[in-house]
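Structural characterization, general
Single-letter residue listing:
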Amino acid sequence: MKEETLKEKLGKYRELTGKALEKAELTSKKGTKENEMGKKLLEMAESYYSDAQFFEKSGMPLTALAAYSYAHAWIDAGIRLGILDGRGDDRLFVLP
């Protein structure tokens, strides 16, 4: 089996995490504690995704890969907790 290069992994995780950010949704009504928690999880994911793009453009691929992974982990955590909805996509998310 061919081992992925860092560049290939970076592209793969950038794409997967971008799709995850587009697909994940809040599950609770506005004004609820769960809604506010979900917003914070998505905010963290978006921040890490943005950081990853900066690191990638700055020639720091390993740091970028780590940041993409953290971004995706924030979303996965929210889905596992039921605060975010992954709309049944078990390719992008670890579903409960």
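Heads up: the structure comes first, above all this text.
Quick caveat: nothing in here was measured; it's all calculated off a predicted structure. (Residues numbered from 1 in each chain as written. Predicted model: local features only at pLDDT ≥ 70, side-chain atom pairs only at ≥ 80, totals over all residues. Heavy atoms only, no water.)

**Examining the overall build of the chain**
Helix and strand counts for the chain come out as three helices and two strands. Helices and strands appear in the chain in the N-to-C order α-β-α-α-β. By its C-alpha atoms, the chain is 45 × 30 × 15 Å across when sized along the principal axes. Residues counted as buried form 32% of the 96 residues belonging to the chain. Long-range contacts, defined as pairs at least 24 residues apart, comprise 60% of the intrachain contacts of the chain with a sequence gap of at least 6. For the chain, the exposed surface amounts to about 6300 Å²; the carbon and sulfur share of it is 54%. (Helix = DSSP H or I, 4+ residues; strand = E, 2+ residues; numbered from the N terminus. Buried < 20%, exposed > 50% of the residue type's maximum accessible area, 1.4 Å probe, protein only. Contact = heavy atoms within 4.5 Å. Areas by Shrake-Rupley, 256 points an atom, 1.4 Å probe, with all protein chains shown as cover.)

**Overview of the packing of aromatic side chains**
Per the stated rule, a full pass over the model turns up three aromatic pairs. An angle of 20° between the planes, with centres 5.4 Å apart, marks the rings of Tyr48 and Tyr70 as stacked. Separated by 22 residues along the polypeptide, Tyr48 in helix H2 (residues 33-57) and Tyr70 in helix H3 (residues 61-81) bring together distant segments of the chain. With 5.8 Å between their ring centres and 65° between their planes, Phe54 and Phe55 make a pair best called edge-to-face. (Phe/Tyr/Trp six-rings, centres within 6.5 Å; stacked < 30°, edge-to-face > 60°.)

**Re the environment of Thr32**
Tracing the backbone through its elements, the reader meets Thr32 in the loop between strand E1 (25-26) and H2. The partly exposed category is assigned to Thr32, whose relative accessible area is 26%. A C-alpha to C-alpha distance of 28 Å links Thr32 and Ser69, two positions 37 residues apart in sequence. In terms of polar contacts, Thr32 uses its side chain to reach the backbone amide nitrogen of Asn35, at 3.1 Å. (Polar contact = N/O pair within 3.5 Å; in protein donor to acceptor, adjacent residues only side chain to side chain.)

**Comments concerning the packing of H2 against H3**
Running from N to C, H2 and H3 point in directions that differ by 165°, and their axes come no closer than 8 Å. As far as their axial angle goes, H3 and H2 are roughly antiparallel. Here H2 runs over H3; the crossing is left-handed. Together, Leu41, Met44, Ala45, Tyr48, Tyr49, Ala52, Gln53, Phe55 and Glu56 of H2 and Thr63, Ala64, Ala67, Tyr68, Tyr70, Ala71, Trp74, Ile75 and Gly78 of H3 make up the contact between the two elements. A per-class count over the contact of H2 with H3 returns 14 nonpolar, three polar and one charged. (Axes fitted to C-alpha atoms, helices over the stretch in contact; angles between N-to-C directions. Parallel < 35°, antiparallel > 145°, perpendicular 65-115°, else oblique. Left-handed = near helix turned anticlockwise from the far one by under 90°. Nonpolar A, V, L, I, M, F, W, Y, C, P; charged D, E, K, R; others polar.)

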